[in-house]
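# Tertiary structure, described
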Amino acid sequence: MEFALQKLPVIVLLIPMFSFLVLAFFGNKIPRGGDWLATTLLFINLAFSGLILFAFGTAGRYEMNVEWMDLGGAIPGAAKFLAGFQIDALTAVMLVVVNAISAFVHLYSVKYMEGDAKYKKYFSYLGLFTFSMLGLVLTNSILLMYVFWELVGLSSYLLIGFWYENKAPQEAAKKAFIVNRIGDAGFLLGILIIFLTIGTFTFTDIFAGVEAGKLAGGTLTAAGILLFCGAVGKSAQFPLHVWLPDAMEGPTPVSALIHAATMVAAGVYLVARIFVMLSADALTVVTFIGVITAFISATIALTQNDIKKVLAYSTISQLGYMIMAIGVGAYSYGFFHLVTHAFFKACLFLTAGSVIVGMHHIQDIREMGGLRKKMPITFYTFLMATLAISGVPLTSGFLSKDAILASTLAFAGVNGGITIIVPILAFGVAGLTAFYMFRLLIITFLGEPKNQEKFDHCHESPAQMTIPLIILAVLSFFAFFSLNPFSADSGWFLNMVSMPESILAGTKGAIYHILPLEEFKEHLHHAHNTAMILSLAISGIGILTAFVFYYWKKVNVDKLTDSIKPLYNFSLNKWYFDELYDKTAVAFTMGISRLSAWVDNKIVDGIVNGAATVTRGFSKYTGLFDNIFVDGLVNLTGGIVGAFGLLFRKFQTGKIQTYIAFLVFGILILYFVFRVF
Amino acid sequence: MLEQTLNSLSGFLPETVLIVSMVVCIILDLILRKKSAVVSVAGIIGIAVSGYFAWLQLGVKSILFSGMVVVDPYSVFFKLLIGLSTIFVIIFAMFSKEMKESTHKNEYVYLMTAMTLGAYLMASSVNMLMMYLSLETVSLSSYILAGYTKKIKRSSESAMKYIIYGAASSGIMIYGISLLYGFTGTLNIYETSIFLSRLNPASEPVLIISLIMILAGFGYKISSVPFHFWTPDVYEGAPIPVTAFLAVTSSAAGFSVLIRFITNSFLAGNLVQNGQYVVIPGVNWKEIMIVLSIASMILGNFVAVWQSSVKRMLAYSSIAQGGYIMLGLTVANQQGVAAMLIYLMAYLFMNLGAFFVLILIANKLDTDELIGMKGLGYKAPVICVGMGVFMFALSGVPTTAGFVGKFYLFTALIESKLVWLAIVGLMNAVVSLFFYIKVLKYMFLMKPEEGNTQKLTFGAGAYIVMFALVIPTMVFGIYFTPLVRIAEYSISMFGFR
Amino acid sequence: MPYTTILFYALALIIVVSAVMVVFNKNVVHSAFSLFFTLFAISGIYVLLKADFIALTQIMVYVGGILILLIFGVMMTTKVTNVELKTKNLNTIPSLVFSIGIVTVIIFIIFSTKWNIRMGLDSEETVTQIGIMLLSKYLLPFEIASIVLLVALIGSAMFARRIKD
Amino acid sequence: MIEFKLLGIGVLSWMVFLPVLGMIVLLLMPKSAEKYLKYITVGFTSVLVLLAIVMMTIYDPSKAGINSLAGFQFVEKLNWIDIPAYLWDGRIKIEYFLGVDGISFPMVLLTALISFIGAIASFSVKRNEKGYYTMYLFLVSGMMGVFVALDFFLFFVFWEIMLLPMYFLIGIWGGERREYAAIKFFLYTFFGSAFILVVMIGLYFSSKDPETGLHTFNMLTLMDPRTLPADSLFGMLNETWRLLAFVSLFIGFAIKVPAFPFHTWLPDAHVEAPTAISVILAGVLLKMGTYGMLRISWSIFPDGAKYFMVPIAIIAAINIIYGALCAMAQKDFKKLIAYSSISHMGYVMLGMASLTAIGISGAVFQMFNHGTITAVLFLSVGVIYDRAHTRGLNDFGGLANKMPKYFAVLIVAFFASIGLPGLSAFISETFIFIGGFTNHFIRVVAIISMLGIILNAAYILWTIQRLFFGTLPEKWNGLTDISARELISTVPLLVIVVVLGIFPSYMLDLMKSSVNLLVNFIWGIN
Amino acid sequence: MEIGLTHYLVLGAVLFGLGLFAMISRRNAILVLMGIELILNAANINLVAFSRYNGLGVDGQVVSIFVIILAVAEAAIALGIVLNLYNNFATVDIDEANTMKD
């Protein structure tokens, strides 16, 4: 049994790969393009991963290695590359989350993607994605993690650009890949630094090396931040968050799976993974990046009118939350939020999907309204998820969010000073979240229908779509994580995923800004109640304002927006990030490339052609240039040869007596030259 | 005195045979009174026989006719080289259409025999008068041959230019000889060198001016800058076999006499210490050679690039090739001279080959312009492949004899630390690739014009002759031990102490 | 002032003047005739140099041979009827420069070089010596000269022969 | 010592001269057999592949080679030219000396493979097939010779010989500006080899074989410091001259690589050459430059390699970034690929400049990978060009639905060439970067050149978008999907790419010991 | 003063120069040939003068005889060629015969 269990992760990893290969190569042979196969396989996988969770979740970690490459006694040191997987709480949980959501999305897609031209391709891509995501989660080597990291990027690229016939998806896919690539470059750099200093890729050895002080001080911080760059790219953190909203061009289930629940969480997972080796400064960076992201995207989400865009920005904002949480040292809370968020955000996206289907591919919420009557199940699941994300009590969202807010308070309390900005922004974001989520809910489902004829044709989605919705909605109840509706600390989850001892604790390092840990816990304990009350109040206010604005229409929203037009536009246009990047980075690169191409044609080849151009004028009137040109004399030698050749040819006048004159002249010259010697 | 002369006669057998065969040819010509191969064959046989006798002289080292000429491996080598090339040239002449169409019968045979005689004497003479005389012998007959097709304007013009230029330079040469004679009081090069080595190091201007004036005479034979001006025009005007003769045989002869004169008369008591020549102080002919060779290479190559007529292009190319060969003198050691001999051997095959292919083409197309050769590679593949081999050989691509020659020249340069000169030479080789490959470009890369794509056919004889030149070019490129051995053996000149 | 001196200068004067005439005279025939004077005077110089045989050869070969040849050439190549004998010079300036340059160089060298002067025996006629020389030491050149002349014969015949066709 | 003879002739001789045999067979073919020529060529090249596979089974990876004759395998050693001194010290001793070690063996495999693929890809050639296939086989034998020759003179001969067929192959069967491209290629390389020749001769006369006390062209002997007496031209103490020699060798090889600023021949040559020849050119020829550096410059002038590693690394970085930028600006598919291979060869040079085992094994591995990947890319260019007769990227779009198989093939190749993990190039590039990092002299350069990763992704993705995405223009409705023959020529390469991506050890084990020995030799560690 | 070697040499030099000048500047082929003769005579004067003043016996004179012989041969051939030129170009102005040049 034990033995089988230890092999199980490999099986779990390979099953999606199998489904990918089968669908990719034999998709045409199998009826229905093998969707049923993929889906069933995924559910089996889910079962397996559940098994793993029970087996290893509490039983500590298990690790296994095989030798991948060996360069012999290479300089420096002996370069051996191991490949292997490890299982601990993080991994086990992630396995379940990924498999669960992937399975539900498979099920959901069966109807959602029905009748699409590239139906079976779609499922094979899903398989590829799931495989690489699981690999990313499972591996114990940071290099292999990078490998799967890139593969995830690839499948995300393929899925975003799934409808590549249209311009927008192409652009979105390209953008996503390249922006991620930028982050990944940093990631790779970090990996290389680690390899150089510690000489290994496996996490355990790396941590051991750090503990032994092989990698310390500024280098450690640099390494940490560089690795974090990867997370910034994948988890769409500021300033690389621009790709995620565009990624919504992909099919909605894909958005749910990749761009809400799992892939974007990979960054958070990475940070959690390397948490123990992050130095104080690194953590500070992480914290601030997180909170800034959370705030910016929240403000943007306020004004968006595309249902998926709103959700996308809320995703970014929530991811910012998680990152921030880990930054402030609320490791387990951050990860907890990852899990809860995965479920309710997936739920939100899928409901959005069913709305879109219902509205026949209308995504602009201003066209919707009053859908509650038409599609009740969708509405109630959506409501559930919205409550969760807004942190209303009795929801999983409340548990995680509240804990995070509390720890931000504690963080500020321990460090004081400027760090107070963190909780302030965090709470602000909580309020904003509540507001825009309910704005979305109200405009979409309540009120009067705006677009009557669409409304008339609207209908509830079929069971294959609603069942996942219901399950996911149910999963965002508090009960699944903790019996105590107001604190998850006693819940099974946090017992399982507890904050690891920073390996730098002894060495005045890592999370010193929440050290001594007791003090931090102390603050946390006090902060808890304040946090709960504050957050309840703020989200309440948010929700209330939403109703005031959009349901009871007590305030004329348009007038309000007019009065703060600049701000409104600023938010509506996403802080002009895209424009900024287009104007700067992209323009710069393209400019450079055009320039260098020009240089290559004109200058470099020109240096080579140089003398040719010099002699061109010379050759023109001799009327020989074309001839020479044709003869491929166009390069440096050519030019000089041409020039001198022409010069010398002048001597060959065809008049014999001139020759004799030259002969005599030559004799004289030679004589004088050698008299001088 | 008399018996000495008689002894000399025995050593003079090759030349005697030549004279006899010349007379025989004249008589045959008078008897036959028409164009016929008989005379040519007779001439070829005569030259072959003389070559055979020369071969018998291998290893002999003796001085003949009271210090006029010597027999030594060096001269034997050149006699064989010259004889072989002349035989080829006469065969070419038999193939050449313009020679057939000329208004003469077989004069060219015995004129060429006379030239061969002169060249033999150039290779073996150690007396300045003898040098002058033999040089004039070659020159006079080549003047005539240059104007051989006298009804053709270009030919007569080239003859005129050639004789005037030649007369001028030989006049200057004899004037220089007279000055040198007046200064040293002897015409024998060994005595000259002994006299000079007894001189105090202070350089005498008279030595330099006379050296340069004498070089004007030799330099115009090997067409080295600045004595080269006649070359392009004469090459272009003269019938192709004659051009081939001028390019290969007479320049080989020129080199033979040049090397012997320089290395024997301007050495300190013509001493050779472990292969290195001991140059007399004051007359820095090494530098002169460097200047001449660089000038020749650069001018030859750079102007050849512009030529549209293959013949004229080959003229410039042979100026450049002369420059390469002269590099061997700049190092003033036996290795350099050996390299020159190796190069000359390679040069014989590849250059003659190029001219032969040109003859065949000109016979069919009546032109030597590049334009006319468009797409010829598809009309006459074998011939053009042969041309390709010769062109690559001339530009010094490996596995051809040309590469071996260049390799040894640059080897000599680099070993005596003249790396910069080697690089100059190599860069010139790169440039030369331009125009050599231009021919192939026209032959293969360009399509023949519409209409005339019918295959050209040549007799078996043509192919035999061509392969007789292609095969050595290739074989000696891959296995060049024989070349080197011969050269090494032949650099031993008479009178080196 | 010994008579040889006067004689030398007289001859030198004739030589140079007539040579200048040869070079600068517009009329070809006149040049030919002034060349005659030059050559003749040169033979005089040979006499001064006690080279009687050379002097004789000079007169016979040059004056009697080459000069006549040249004058024939003039006659054959220029229609005497409509007198086209005038020819003008070309690129005079460079040729002047070069010739004067080389002459000055040579003269400078002549004066700067220390020739080893060893006067030979004076009163002695050279014909016998030359004869011996030609058949002993210079036998080979002598023979080769005959070949050269043969070649010249063939050549000139070849060119001069009327082309019948 | 491992040997493998057929009919008493060593296998390497077979590898080198079998194509020549093929040439002769082709030339003897009558006019009527025109249509079988291609199959004959494929036959001969496939025999090469078989031999290569057999060699692989025999090959012993534990043997190192580099500077020890014992470490070389399949060695053949005969006297070719041997002239005892006569009057002057003119002894020239040239050996026919073949052998492979961990550095050359991957290249031999690559050559055999690519030649075979190229032969299949040549079927589209219609004009004057006899000439074409003759030249093609000639080219193959020349390339093979370069990789197996261990005598400098022999190496040089093969190096030069290989130019001639290339000139004609580009010049006769190429595109519109073929004459220009051909002569440009020829002259550039000829120019470079002039420098190599000078150094070769100089080395020869500096050398003094410790055993025989004679000059030698034997590369192995030349690596031995005792062979170059201190007083000689390139003697160990003669610092300046050695560095000069290294530089001129570098120029000679860099032109072939091609390294900035000697690269301008490459785009022209690639664009004009027929598909199969571009494949050979990018697949094998470019490697000859880097191989020559490793085999000669790095081994015989290790001091030079150490002295110049920073400049070389900088040149490499320029190659990487500059090549990528130029590629980004191209509108011609083939030209884009050409520039991309300039960029990728930059990686190779970076790895070699790092002078670390990991970097150099990355470099050698990258040579192999680039060979396979670029081959596929050029083949794909050929595929589309044969159908559409244009290579303008902007003329296309929406091919993904029209030619799904083609899309599949090309997307794998593309992602391989941007170094996507799981595909072979990723491993090699990572190694190269690790190498660059390890050598702290060039660390900064390595970091800068990581920009290349992003740029590669950028232009490749843009190309994918322009080719496959969007809607299909009306005029391309007639396009047919990739044919079986084209699949045969591409898929095996892709399989290799994937397999080596997952199990790189198959290749790394071949070179491991040699690379380690080389690095130890360079740093003087024993 | 006594006439010495140098006088003769100078005379020779002057003749040499005049000959060169004639060769370079006169357009008429015949005159160019005359120039050649002048040059050869200059050489002869040198030779003879040397044989007189260097006490070398008659070697110089013998050489000068050969020079004369060659002069004759040359003149003969040259004349033939010039006539041929005249037949082809109907002129003896040699600068008009320049069909071949770069």
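Please read these numbers as outputs of a predicted model, since none were measured by experiment. Chains are numbered independently. Their residues run from 1 in the order of the written sequence. To label them, take the chains in the order written and letter them from A, then take the ligands in the order written and number them from 1. Local features in a predicted model are, by the rule used here, given only for residues with pLDDT of at least 70; side-chain atom pairs are given and counted only at 80 or more, and totals for whole chains, interfaces and linings are based on all residues. Water and hydrogen atoms play no part in the side-chain values, which are based on all heavy atoms of the structure.

## Observations regarding the overall build of chain C
The line we're drawing: Numbering of helices and strands runs from the N terminus, with a helix taken as a DSSP run of H or I at least four residues long and a strand as a DSSP run of E at least two residues long. Using a 1.4 Å probe on the protein chains alone, a residue whose accessible area is under 20% of its type maximum counts as buried, one over 50% counts as exposed, and one in between counts as partly exposed. By definition, residues are in contact when any of their heavy atoms lie within 4.5 Å. Note on areas: these come from Shrake-Rupley sampling with a 1.4 Å probe, and a residue is covered only by the protein chains present in the view.
In terms of regular secondary structure, chain C is built from six helices and zero strands. Counted from the first residue to the last, chain C has its helices and strands arranged as α-α-α-α-α-α. Looking at chain C as a whole, 47% of its 165 residues are labelled buried. Counting contacts in chain C only where the partners sit at least 6 residues apart, residues at least 24 apart contribute 59% of the total. For chain C, the computed accessible surface area is about 8400 Å², with 77% contributed by carbon and sulfur atoms.

## Considering the overall build of chain B
Filter applied, for reference: Computation of the radius of gyration draws on C-alpha atoms, with the globule rule given as 2.2 Å multiplied by the number of residues to the power 0.38. Positive charges are assigned to Lys and Arg, negative charges to Asp and Glu, while His and the chain termini are left out of the count. Charged groups are reduced to one reference atom each: NZ for lysine, CZ for arginine, CG for aspartic acid, CD for glutamic acid.
Along chain B, the regular secondary structure elements total 21 helices and four strands. Scaling as 2.2 N^0.38, a compact globule of 497 residues should have a C-alpha radius of gyration of about 23 Å, and chain B matches this with 22 Å. Within chain B, the proportion of its 497 residues that are buried is 75%. For chain B, the share of sequence-separated contacts (at least 6 apart) that also reach a separation of at least 24 residues comes to 81%. When the accessible surface of chain B is totalled, it reaches about 11700 Å², and 69% of it is carbon and sulfur. Averaging the locations of the 30 positively and 21 negatively charged side chains of chain B gives two centres separated by 5 Å.

## A word on the interface of chain A and chain C
Note the cut-off: The term polar contact refers here to a pair of N or O atoms within 3.5 Å; inside protein, the definition further demands a hydrogen-donor-capable atom paired with an acceptor-capable atom, and it admits residues adjacent in sequence only when both atoms are side-chain atoms. Each residue is assigned to one of three groups, with Ala, Val, Leu, Ile, Met, Phe, Trp, Tyr, Cys and Pro labelled nonpolar, Asp, Glu, Lys and Arg labelled charged, and all others, Gly among them, labelled polar.
Between chain A and chain C, the residue contacts involve nine residues of the former and eight residues of the latter. Where chain A touches chain C, the interface holds zero residue pairs in polar contact (both at pLDDT 80 or more). Class assignment of the residues belonging to the side of chain A that touches chain C gives a composition of seven nonpolar, two polar and no charged.

## What about empty space enclosed by the protein?
To keep things clear, this is the line we draw: The method works on a 1 Å grid over the protein atoms by themselves. A cavity is a set of points holding a 1.4 Å probe that cannot get out, a pocket is an open set with protein on both sides within 12 Å along at least five of seven lines, and residues with an atom within 4 Å of a point line them. Grid points are joined across faces, edges and corners, and a volume is the space filled by probe spheres set on the points.
Taken as a whole, this structure holds 16 cavities of 30 Å³ or more when the rule is applied. In this structure, the largest cavity encloses a volume near 110 Å³. Surrounding the largest cavity, 15 residues form its lining, Gly396(B), Leu426(B), Glu160(D), Phe190(D) and Leu197(D) being those nearest its centre. Listing elements by their share of the lining of the largest cavity, those giving two or more residues are α18 (401-415) and α19 (419-445) of chain B together with α5 (152-161) and α7 (178-206) of chain D. Looking at the lining of the largest cavity element by element, the count peaks at four residues for α7(D).

## Points about the confidence of the model for chain C
For clarity, the threshold we go by: The pLDDT value expresses, per residue, how confident the predictor is, ranging between 0 and 100.
Of all residues in chain C, 85% have pLDDT values of 70 or greater, and the mean over the chain is 83. Reported confidence for the predicted complex is 0.87 by ipTM and 0.87 by pTM.

## Points about helix α4 (residues 73-95) of chain B
Stated formally: The length a helix should cover is 1.5 Å for every residue beyond the first.
With 23 residues, α4(B) should reach 33 Å at 1.5 Å per residue; the first-to-last C-alpha distance of 33 Å fits that figure. Along α4(B), 18 of the 23 residues are buried, which leaves the element largely enclosed by surrounding structure.

## Section: the arrangement of the chains
By contact count, the dominant pairing among the eight pairs of chains in contact is that of chains C and E. There is a gap between chain D and chain E: no contact, and a shortest C-alpha distance of 25 Å.

## Observations concerning the interface of chain C and chain E
Rule in force here: Summed over both partners, buried area is the accessible surface (1.4 Å probe) that two parts give up on being assembled. The working definition used for a salt bridge is a side-chain nitrogen of Lys or Arg within 4 Å of a carboxyl oxygen of Asp or Glu.
Across the boundary between the two partners, chain C contributes 78 residues, which contact 69 residues of chain E. At the boundary of chain C with chain E, total buried surface from both sides reaches about 6800 Å², with 76% on carbon and sulfur atoms. Of all residues in chain C, Leu49(C), Thr77(C) and Phe159(C) give up the largest surface area on contact with chain E, accounting jointly for 10% of the area buried on that side. Counting every contact that joins chain C to chain E gives one salt bridge. Close ionic contact of Asp59(E) with Lys137(C) constitutes a salt bridge, the shortest N to O distance being 3.2 Å. The interface formed by chain C and chain E contains eight residue pairs in polar contact (both at pLDDT 80 or more). Mapped onto the side of chain C that touches chain E, the elements with two or more residues apiece are α1 (3-24), α2 (28-48), α3 (52-77), α4 (92-112), α5 (127-135) and α6 (139-160) of chain C. Take the side of chain C that touches chain E: its biggest share by element is 13 residues, from α3(C). Classifying every residue of the side of chain C that touches chain E gives 52 nonpolar, 19 polar and seven charged.

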